[in-house]
Amino acid sequence: MTRFLPRTAPPIRAGGLVAATALLLAAAPHTVASAAPTAAAPVVALGGPAETALHPYAEGGDGPKRSTARITVTGADDTAYEGEFTVTFDLTGAAGVADVAFEPEAGIECAATAPGSATCTGHGISPGRSTVTDLLLTAAKGSEQGDTGTIRVTGEAEGTAFTPVTTEVTVGGPDLVMHRLPFDHEPVPGQKQQAPITFTNRGSRAAEGVVLTLRHSRGLDIPQRYSNCAYTTDEAWTTARCTVEGAFEAGATYTLAAPLTLKTTDRAYRDIFGYGIHEAGAGAGAGTVRGATAARAARGPAGGSDDVLRAVPAPRPMAARALDLEPGDNEHEADFRTENTADFVAYGDTASGRAGATVTARLGFRNDGPAWIGHLRSGESVAVVDFTVPQGATVTSAPEGCRGVGAEGTALPTGWTGPAPRYVCPTPATVRDGGGLDLAFGLRIDKVLLGAVGRVVVRGPELRAAGLPFDPEPGNNTARVVLNGESGGPSPAPSDGPGDGASGTPGSATPTPTPGGAGAGAGGTVAPGAVPNTATGNGGSLAATGSPTAMAASGLAVTALTAGLALFTAARRRRRA
């Protein structure tokens, strides 16, 4: 992907800068002398692999096999460089070891400038990392296994400093190729499958120790634990890095002494298992073993294991493969689709307060499982919480990530800056079993209305596809936020069910916002004759500032008393007349 700026961008002209500086010095020498020092030149980092292995030189056939070393440039995070730049390659350190060709990125031109030297030129460097060129490397004729050399890369641009990079090229090396496992990709909860990890060294020399990486998402498990593996777990993944000692010879195939067990747990739904193999490298084994020891100590006696994961020669020959140093051969991933369900349960809240008071509405949903839900490939949100604000209230603060929308769930008019009648809050890409989304909204009560109702709906991320295909209980996907309700207790989901709310139509009529309107934050009204109910969920009252819960009822009593006194006074006057 090209990330360089287009060639039409105006370059920085050195001559213009020099002339302008001379005029400034002549016109106001004292002012210039006392000015603050010039800011340091921005730094641009060149990048590339520290080491690159080359296939040994071979006569005949299709010629030498190529290896690739990608050279990149990383610009400042917030500033684009719009001038010309040059990247220079010093190839003298690799003479007799490697032959180099260039495959530049679009907009970059590369050419040899002298024996043992080449340059690539381009215009404009965008923030972030961009590719300059791929070095296509082959072993030089006459080179031998184990020969090494270096390629040094430097950069130059006006007003910009480049950090150099060096890659070491070596003739020969291991080529570890992981074999794909034949899994059942549609398992059922509780199902166990054997995973006899198998790999082949298709390289030209032995691998001195290997690191086996196993990575599975939350719905899967590997019950075995090994003392030479370091384990880490986060919200969605468990990763094991296992150091296996020994010399793994070129041309040989190896498998685990005992196959792993991959278990589909009760919380499985859409899951991934990744498995890869790499050479341990100098010092890598010791570091991983130290990490494994620390992980085992943290688990304690109950969770520890003295078993050692070992790889042994495969009992029978495996299918031959062509030599291929591409990283894709070192690892594979398997996707699993499990028939399972997850019950997303919405909850709301209640509160009371006088006009002008601010309350905190706590709302959201929980995942009652049994499955966890993760969009691991796409990274898209699993669901959204759709909150319609009660009538007579204005949102004063919304959780980070929530966006205001119109009463019908559509985008607000361009230039809208005030509060909205409705808010949509997306979940992360994963929702664990037992997890959910807890949100806190600040609501200012602009007008006291008995039983003002706001709706909480957990639905699909898209308004046009609001269903949750994994949820077997859509009836509990909706709850209410009630302000100044008569009962003062928690409020259940509305009796009309989640259908209207889940489809994007609020359960109570909400005026469409108009830019700049004073009442922009007001939500929907209660339908005529509707009785405020309680919301499923935490059942607690909202935190409120202002008068106590009985304030609205007291106001009605005062009004009735005043009317009675007026009637009594009028009757006495008539009798006197």
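Predicted model, so just to flag it, every value in this text is computed and none were measured.

1. A word on the overall build of the protein
Moving on, step 1. In terms of helices and strands, the protein carries five helices and 36 strands.
Moving on, step 2. Relative to its 577 residues, the protein shows a buried fraction of 42%.
Moving on, step 3. Taking the intrachain contacts of the protein between residues at least 6 apart in sequence as the baseline, contacts between residues at least 24 apart amount to 82%.
Moving on, step 4. Within the structure as shown, the protein displays about 28,600 Å² of accessible surface, and the carbon and sulfur contribution to it stands at 54%.

2. A look at the sheet that holds strand S12 (residues 176-178)
Moving on, step 1. Pairing in this open sheet of four strands is antiparallel, and the strands run S12-S14-S19-S22 from one edge to the other. The strands lining the two open edges of the sheet, one partner per strand, are S12 and strand S22 (311-313). Each neighbouring strand pair of the sheet contributes to a mean axis angle of 30°, computed without reference to strand direction.
Moving on, step 2. In terms of strand pairing, strand S14 (residues 198-201) meets strand S19 (residues 253-256) through three bridges, oriented antiparallel. Pairing of Thr 200 across the sheet is with Thr 253, part of S19.

3. So, the nonpolar core
Moving on, step 1. Counting residues in each nonpolar core, the largest one holds 38 residues, and the members touching the most others are Phe 344, Leu 363, Phe 441 and Leu 443.
Moving on, step 2. Taken together, the elements giving at least two residues each to this core come down to strand S24 (342-347), strand S26 (358-370), strand S28 (384-388), strand S29 (393-397), strand S31 (422-426), strand S33 (436-445), strand S34 (452-459) and strand S35 (478-483).
Moving on, step 3. Here this core takes five residues from S33, the largest share from any one element.
Moving on, step 4. If we ignore the near neighbours within four places in the chain, the residues touching Leu 363 are Tyr 347, Gly 348, Val 385, Phe 387, Leu 437, Asp 438, Leu 439, Phe 441, Val 456 and Val 481.
Moving on, step 5. Listed in part, the 31 residues of the second largest apolar core include Tyr 226, Phe 273, Tyr 275 and Ala 311.

4. Considering the packing of aromatic side chains
Moving on, step 1. Tallied over the full model, the rule gives 13 aromatic pairs.
Moving on, step 2. For the cation-ring pair, Arg 215 lies above Trp 237, with the distance from its terminal atom to the ring centre recorded as 3.7 Å.
Moving on, step 3. The lysine or arginine in question, Arg 225, covers the ring of Tyr 231, its NZ or CZ lying 4.6 Å from the ring centre.

5. Describing the pattern of salt bridges
Moving on, step 1. Taken as a whole, this structure holds ten salt bridges when the rule is applied.
Moving on, step 2. Residue Arg 218 is joined to Asp 433 by a salt bridge in which the shortest nitrogen-to-oxygen separation is 2.8 Å. With Arg 218 in the loop between strand S15 (207-217) and strand S16 (220-221) and Asp 433 in the loop between strand S32 (430-431) and S33, the pair connects residues that are 215 residues apart, well separated along the chain.
Moving on, step 3. Judged by its relative accessible area of 16%, Arg 218 is buried.

6. Topic: the state of the cysteines
Moving on, step 1. Inspection of every chain in the model, using the stated rule, returns three disulfides.
Moving on, step 2. Sulfur-sulfur distance for the disulfide between Cys 402 and Cys 425 comes to 2.0 Å. Its torsion about the S-S bond being 115°, the disulfide of Cys 402 and Cys 425 is classed as right-handed. Of this pair, Cys 402 sits in the loop between S29 and strand S30 (403-405) while Cys 425 sits in strand S31; the two residues are 23 residues apart in sequence, bridging distant segments of the chain. One exposure class covers both Cys 402 and Cys 425, and it is buried.
Moving on, step 3. If you count the bonded cysteines of the protein from the N-terminus, they pair up as 1-2, 3-4, 5-6.

7. As for the environment of Gly 418
Moving on, step 1. Looking at where Gly 418 falls in the secondary structure, it is placed in the loop between S30 and S31.
Moving on, step 2. With a relative accessible area of 35%, Gly 418 lands in the partly exposed category.
Moving on, step 3. C-alpha of Gly 418 to C-alpha of Thr 396: the two residues are 22 residues apart in sequence and 9.5 Å apart in space.

8. Observations concerning the side chain of Ser 217
Moving on, step 1. In this fold, Ser 217 is placed in strand S15.
Moving on, step 2. Within the structure, the side chain of Ser 217 is placed 2.7 Å from the side chain of Asp 271, a separation counted as a polar contact.
Moving on, step 3. Apart from the residues within four sequence positions on either side, Ser 217 is in contact with Ala 236, Trp 237, Asp 271, Ile 272, Trp 372 and Leu 376.

9. Some points on the pairing of strand S13 (residues 192-195)
Moving on, step 1. Of the two faces of S13, the one holding Gln 193 and Ala 195 is buried and the one holding Lys 192 and Gln 194 is not buried anywhere.
Moving on, step 2. The sheet contact formed by S13 and strand S20 (residues 260-264) spans four bridges and is antiparallel. Bridge pairing in S20 links Ala 195 to Leu 260.

10. Re the confidence of the model for the protein
Regions with low pLDDT should not have their predicted coordinates read in detail.
Moving on, step 1. With 69% of its residues at a pLDDT of 70 or more, the protein shows a mean pLDDT of 77.
Moving on, step 2. Overall, residues 316-324 carries pLDDT values under 50, and its contacts beyond four positions in sequence, including any with other chains, amount to 17 contacts.

11. So, the sheet that holds S20
Moving on, step 1. Read from one edge of the open sheet, three strands run S13-S20-S16, paired in antiparallel fashion. Each having just a single partner strand, S13 and S16 make up the two edges of the open sheet.
Moving on, step 2. Pairing geometry for S16 and S20, over two bridges, is antiparallel. Looking at the pairing, Asp 221 lines up with Lys 263 of S20.

12. Some details on the environment of Cys 242
Moving on, step 1. Relative to the elements of secondary structure, Cys 242 occurs in strand S18 (residues 237-248).
Moving on, step 2. Here the alpha-carbon distance between Cys 242 and Tyr 231, two residues eleven residues apart in the chain, equals 8.8 Å.
Moving on, step 3. Those residues in contact with Cys 242, other than ones at most four positions away along the chain, are Val 210, Val 211, Leu 212, Asn 228, Cys 229 and Leu 309.

13. So, unusual backbone geometry
Moving on, step 1. The amide bond that connects Gly 369 to the next residue, Pro 370, takes the cis arrangement and shows omega of 10°.
Moving on, step 2. Structurally, Pro 370 is set in strand S26.

14. Some remarks on the environment of His 123
Moving on, step 1. Relative to the helices and strands, His 123 is located in strand S7 (residues 117-125).
Moving on, step 2. When its relative accessible area of 4% is taken as the criterion, His 123 is described as buried.
Moving on, step 3. Separated by 39 residues in sequence, His 123 and Glu 84 have C-alpha atoms that sit 4.4 Å apart.
Moving on, step 4. Within the structure, the side chain of His 123 is placed 2.9 Å from the side chain of Glu 84, a separation counted as a polar contact.

Thresholds, definitions, all that
Residues numbered from 1 in each chain as written. Predicted model: local features only at pLDDT ≥ 70, side-chain atom pairs only at ≥ 80, totals over all residues. Heavy atoms only, no water. Helix = DSSP H or I, 4+ residues; strand = E, 2+ residues; numbered from the N terminus. Buried < 20%, exposed > 50% of the residue type's maximum accessible area, 1.4 Å probe, protein only. Contact = heavy atoms within 4.5 Å. Areas by Shrake-Rupley, 256 points an atom, 1.4 Å probe, with all protein chains shown as cover. Pairing = 2+ DSSP bridges. Axes fitted to C-alpha atoms, helices over the stretch in contact; angles between N-to-C directions. Core = buried A, V, L, I, M, F, W, Y, C linked by side-chain atoms within 4.5 Å. Phe/Tyr/Trp six-rings, centres within 6.5 Å; stacked < 30°, edge-to-face > 60°. Lys NZ or Arg CZ within 6 Å of the ring centre and 35° of its normal. Salt bridge = Lys/Arg side-chain N within 4 Å of Asp/Glu carboxyl O. Disulfide = S-S within 2.5 Å. Polar contact = N/O pair within 3.5 Å; in protein donor to acceptor, adjacent residues only side chain to side chain. pLDDT = per-residue confidence, 0-100.

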